[in-house]
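Listed here are the chains, written in short residue letters.
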Amino acid sequence: MSEIPAKATESEDPSEGARARAADGLASAVGGALAADGVQPGDAMWQSSPPGSIYDYIKVASFSIGPDGLVDQWSLRAEHLFGISAERAVGMDPIETFIDPRHRERGMRKMAEILDGREWTGVVPFRMPRGVEGECGHEGLAEVYVMPTRTEEGDKAAVCIVVDVRTLRSIETDLAASQAIFSQSPFGFLLIDPDLRVRRVNQRFASIFGGTPDDHRGNGVHDYLQRGEADRVAATLRRVLETGSSITDMHVTGFVPGSDERRHWSVNLYRVHSGSGRPIGIAWLGIDITARRAAAREAAAARRNLALLNEAGARIGNSLDLETTARQLLDVVVPGFCDLATVDLYQGLLVGDETPPGLADGSAELRRVAFASAVSDAPFAGTGVPVAVGAVHHYPFNSPCADALRTARPQTVPGEDGGLVQSTLAVPMVAHDTVVGLVQFARTKGSEPFGDRDRDLAVELAARAAVCIDNARLYRREHERALILQRSLLPPGDPEASGLDIACRYLPGNANTGRPSEVGGDWFDVIELPGHRTALVVGDVMGRGLRAAVAMGELRTAVRTLAQLDLEPAEVLSQLDEIARGLGAPGGVQQATRAARRPREADLSEVYLATCVYAVYDSVTRRCTFANAGHLPPVLVEPGEPALMLDVPPGMPLGVGGEPFEEVEVELPEGALLALYTDGLVESRDHPLDEGLQAFVSALSDPTQPLEDVCDHVLNTLDTHHGEDDIALLMARVQGLPTESVGDWTLPREPRSVGRAREYARAQLLSWDLEPLVDTTELLVSELVTNALRYGEGEIRLRLLLDRTLVCEVWDSGLVQPRRRRARDTDEGGRGLQLVGLLSAAWGSRRTPRGKTVWFELPLPDGGPGLPDPAEALLSLF
């Protein structure tokens, strides 16, 4: 309250009773107002007003005027209001000091009336006296209440109460603005007292929670929110009230009367203070963000789905394995999209069928290839009986899963009562308009149910995985076909050769890396030649895949065909070079040759290049002739000697053309080891060729072991797990034909040589205990020697070779090759070679450096089906 000078005393004026009655009325009004706020008048009267009263906001001052009309006393509030200290103010004439000269005369009259004992109340304009720092010339408007009184000596005086009118007008304006903001705000506005009770709410809040604003007075947060949420909000209110820290964008969840929809509000809280700075409550400003939260959830779901699709694009399809691709799909969706998931693929597709049966009704057999769970490792049982991974099953015709497979549309399957699963999405996996399987996404109870957006996402994920699985299936099919083709072109089983012990290995690329293997163009071959000779071949077509495998098959077939013509190794490679040049040309070899003569024109044909080493081993002489077309050199290990690489001129790769090939003849000692190989064995990205060759030579340190063990040792020692290229390894140990197994005679060019040849043959066969072959051999030797006498030239040489079969060779110097023809019934001759063909297992002729050799071969008697009877064979010719 404003200060009243202690020197002032009560007035004895007759109007004093009226003033007392007015004071009593004012006290009654204040008491009633306090009582309205819960304060009894008797408790508030004649007590110091606590902080937060109206006097904290308005400027009120008091001073007293003595009998001489001068300031007698000056209060502290007056010092604050007028900016004049008490020492200066006491003794001043208030009219002369604060009143404008235009109003001083009237002021003097009023002062005389006041000193005469009359009360006066009015609004007086004033100005600050000159010379006051910062307030010079400042004008104001004050409401003055003058009450007459008497001094201790009985002289008349007055007490003045002054109120700054402009401050009152400002407070009035602020109150009106606050009221407008509070009542017209589109947001929920509450004032909460220190007891956390609602003191006031605006109309917006009342329109949401019902009733009038006055109906909410005295409520607490528990009257609007559920217990858990109300406790949290109440704790926050206490913290704001205690610390004064504001709370921004606090999310509150609850329900409004008459609605089951969960609502969300964003609430801002701040502590409210009185003019003296005392906390008097909390302001609550709430905004309904339910729609915004729903939009945010939709946006978050869209971002999540987009991120899931991006992850699926990055992770699914990195492998060409069907099962791996299915597991990659489940790794993406569990637990980010669902809690459990399975993938079923048609069994027919997995085993290589082009069109699996039962696609029309969805009842075909499927195999469960993948399962993932974020809650349990048990088999998925969301749509029926549990099925383990790897098990083959089918869905009943009327089941939702069969319907999804049949219609190629997703189906929603509700969970069973008492089960773990809330709902399941059965989504068919469709690739190129073909259903390849079914994927099931399941969410457990308590999770958010599947919506339309989830269904669309599931279809997209299943479609992406289906395309990758279909690509993997097509790759597996093509790879298996290429691998079957390649293996069908390689020698079946363990090759056998006369005078050689053979062992071989073939490893496709990536066979030891765990990744899908890819066929290449490496090959090897062991070809038996007449005269107990053997052709050893190792080659490598540059490139990988089906194209390389097909080119390899064509070259291998050509090698076998050329080998049967008994051409020299260099000539075989020359012919192969022409064939390789024609593989990529539409018109074959001739077209490729013409294209080579037009270097300036664009060559659109494919280029097929290959390396090859071709060796012919003669078991009688133990000599081996090599020819090389850009391949790695053979390795020879002689008994008791370190391994060495044979110096065979490499030549140009097959398909380049234009360069001849050279031959090298090497005599191989008994027990020597010969190794032919491809570059995949000795070269990789981590190991250069020279290092690999040295490691290969070092691995052949003990060639006396069995050949199979030597092969395994080489593959285990070298870096054969890189998977970058195919590996072909061919090893042969020399076991020459014994001298006692060879019969060799030279016959003069005279008719008696026919009979002598028969005698030599009979005697040799009898020494070999081959009496069952004597008659046939004598007859066929007689025919060949007779032909040599009639059509050949020079000396005649007869040679019998015994190994796994009996081979008879007749040599002469003539260059004309015998030609078999069909004799007419009336012809006296021309049936000799027909007879040889009927009685022998095989026959033929080949060129030699000094003429030709005509040979036939007879199987050894082993109790099996024998040769035709010579007499019956002769009769069949007529």
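Given the structure is predicted, the values throughout are model-derived calculations rather than measurements.

### A word on the overall build of the protein chain
Within the protein chain one finds 23 helices and 31 strands. Taken across its 878 residues, the protein chain has 45% of its residues classed as buried. Counted over contacts in the protein chain with a minimum sequence separation of 6, partners at least 24 positions apart contribute 61%.

### Side note on the confidence of the model for the protein chain
Mean pLDDT over the protein chain works out to 81, with 82% of the residues at or above the 70 mark. Below a pLDDT of 50 lies the segment residues 1–51, which in the model reaches 44 contacts outside its immediate sequence neighbourhood of four places, other chains included. In the predicted structure, residues 595–605 sits below a pLDDT of 50 and forms five contacts with residues beyond four places in sequence or in another chain.

### Let's talk about the side chain of R473
Mapped onto the fold, R473 is located in helix α14 (residues 452–489). Reaching out from R473, the side chain makes a polar contact with the side chain of D470 at a distance of 2.7 Å.

### A few points about the packing of helix α20 (residues 752–767) against helix α21 (residues 774–791)
For the pair α20 and α21, interaxial distance at closest approach is 9 Å and the crossing angle is 150 degrees. Of the two elements, α20 crosses α21, and the hand of that crossing is right-handed. Contact with α20, carried on its side by S753, V754, A757, R758, A761, R762, L765 and L766, involves V774, D775, T777, E778, V781, S782, V785, T786 and L789 of α21 and no other residues of that element. Residues of the contact of α20 with α21, tallied by class, amount to nine nonpolar, four polar and four charged.

### Structural notes on the side chain of D193
With respect to the helices and strands, the residue D193 is situated in the loop between β6 (188–192) and β7 (198–201). For the buried D193, which has no salt bridge, the nearest side chain bearing the opposite charge is R199, at an N-O separation of 4.1 Å. Among residues more than four places away in sequence, those in contact with D193 are R199, I280 and G281.

### Structural notes on the sheet that holds strand β18 (residues 520–529)
Taken together, five strands build an open sheet; the order of strands is β18-β19-β20-β21-β24 and the sheet is antiparallel. The two strands at the open ends of the sheet, each matched to only one other strand, are β18 and β24 (663–667). Going across the sheet, the axis of each strand differs from the next one's by a mean of 15 degrees, ignoring polarity. Each of β18, β19 (533–544) and β20 (610–618) is contacted by helix α15 (residues 546–564), which is oriented at about 15 degrees to β18, the strand it contacts most.

### A word on helix α10 (residues 290–315)
Counted at 1.5 Å a residue, the expected span for α10 with its 26 residues is 38 Å, and the 37 Å between its end C-alpha atoms agrees. All of the buried residues along α10 are T290, A301, N305, L308, L309 and A312. The positive-phi residue at the C-terminal boundary of α10 is G317, with phi of around 95 degrees.

### Some points on helix α19 (residues 707–717)
Taken residue by residue, α19 has L707, V710, C711, V714 and L715 as its buried positions. One side of α19 carries all its buried residues, which in axial view fall inside an arc of 130 degrees. Of the surrounding secondary structure, the elements contacted by the buried residues of α19 are β17 (500–507), β25 (673–677), α18 (689–699) and β26 (727–734).

### Quick look at the nonpolar core
If you look at the biggest cluster of nonpolar residues, it comprises 56 residues, and the most contacted ones within it are W523, L536, L576, Y614 and L730. No other element matches the eight residues that α15 contributes to this core. Residues contacting L536, with those up to four places away along its chain left out, are L500, I502, D525, V526, V613, Y614, A615, L674, L676, L730 and A732.

### Describing the sheet that holds β7
Taken in spatial order, the five strands make up an open sheet running β7-β6-β10-β9-β8, and their pairing is antiparallel. With one partner strand each, in any of the chains shown, β7 and β8 (247–254) form the two edges of the open sheet. Going from strand to strand, the sheet's axes swing by 30 degrees on average, the running direction of each strand aside. In this structure, β6 lies alongside β7, joined through three bridges in antiparallel fashion. Residue L190 lies in a different strand from β7, and its bridge partner there is V201. Taken strand by strand, helix α9 (residues 227–243) contacts β6, β8, β9 (263–273) and β10 (279–288), and its axis lies near 160 degrees from that of β8.

### A look at unusual backbone geometry
A cis amide bond, omega 5 degrees, links V334 with the succeeding residue P335. Relative to the helices and strands, P335 resides in the loop between α11 (322–333) and β11 (340–346). For A408, which is not glycine, the phi torsion reads 60 degrees and is therefore positive. The residue A408 is located in the loop between α13 (400–407) and β14 (411–414) in this model. A positive phi angle, close to 55 degrees, is found at R622, a residue other than glycine.

### Remarks on the layout of surface pockets
Roughly 860 Å³ of internal volume is contained in the second largest pocket. In terms of lining, the second largest pocket is formed by 31 residues, of which the most central are D618, W811, R846, T848 and P849. Of all the secondary structure elements, the ones that give two or more residues to the lining of the second largest pocket are β20, β21 (623–629), β24, β28 (796–802), β29 (805–812), β30 (842–848) and β31 (851–859). Its residues placed into classes, the lining of the second largest pocket shows 10 nonpolar, six polar and 15 charged.

### Let's talk about the pattern of salt bridges
One pass over the structure, following the stated rule, counts 34 salt bridges. The salt bridge involving D812 is made with K852; its shortest N-O contact spans 2.9 Å. One end of the pair, D812, is in strand β29; the other, K852, is in strand β31, and 40 residues separate them in sequence. Note on accessibility: D812 and K852 belong to one class, buried.

The rules behind these values
- Residues numbered from 1 in each chain as written.
- Predicted model: local features only at pLDDT ≥ 70, side-chain atom pairs only at ≥ 80, totals over all residues.
- Heavy atoms only, no water.
- Helix = DSSP H or I, 4+ residues; strand = E, 2+ residues; numbered from the N terminus.
- Buried < 20%, exposed > 50% of the residue type's maximum accessible area, 1.4 Å probe, protein only.
- Contact = heavy atoms within 4.5 Å.
- pLDDT = per-residue confidence, 0-100.
- Polar contact = N/O pair within 3.5 Å; in protein donor to acceptor, adjacent residues only side chain to side chain.
- Axes fitted to C-alpha atoms, helices over the stretch in contact; angles between N-to-C directions.
- Left-handed = near helix turned anticlockwise from the far one by under 90°.
- Nonpolar A, V, L, I, M, F, W, Y, C, P; charged D, E, K, R; others polar.
- Lys, Arg positive; Asp, Glu negative; His and termini not counted.
- Salt bridge = Lys/Arg side-chain N within 4 Å of Asp/Glu carboxyl O.
- Pairing = 2+ DSSP bridges.
- Expected span 1.5 Å × (residues − 1).
- Arc of directions from axis to C-beta.
- Core = buried A, V, L, I, M, F, W, Y, C linked by side-chain atoms within 4.5 Å.
- 1 Å grid on protein atoms, 1.4 Å probe; cavity = no way out; pocket = protein on both sides within 12 Å on 5 of 7 lines; lining within 4 Å.
- Points joined across faces, edges and corners; volume = space filled by probe spheres on them.

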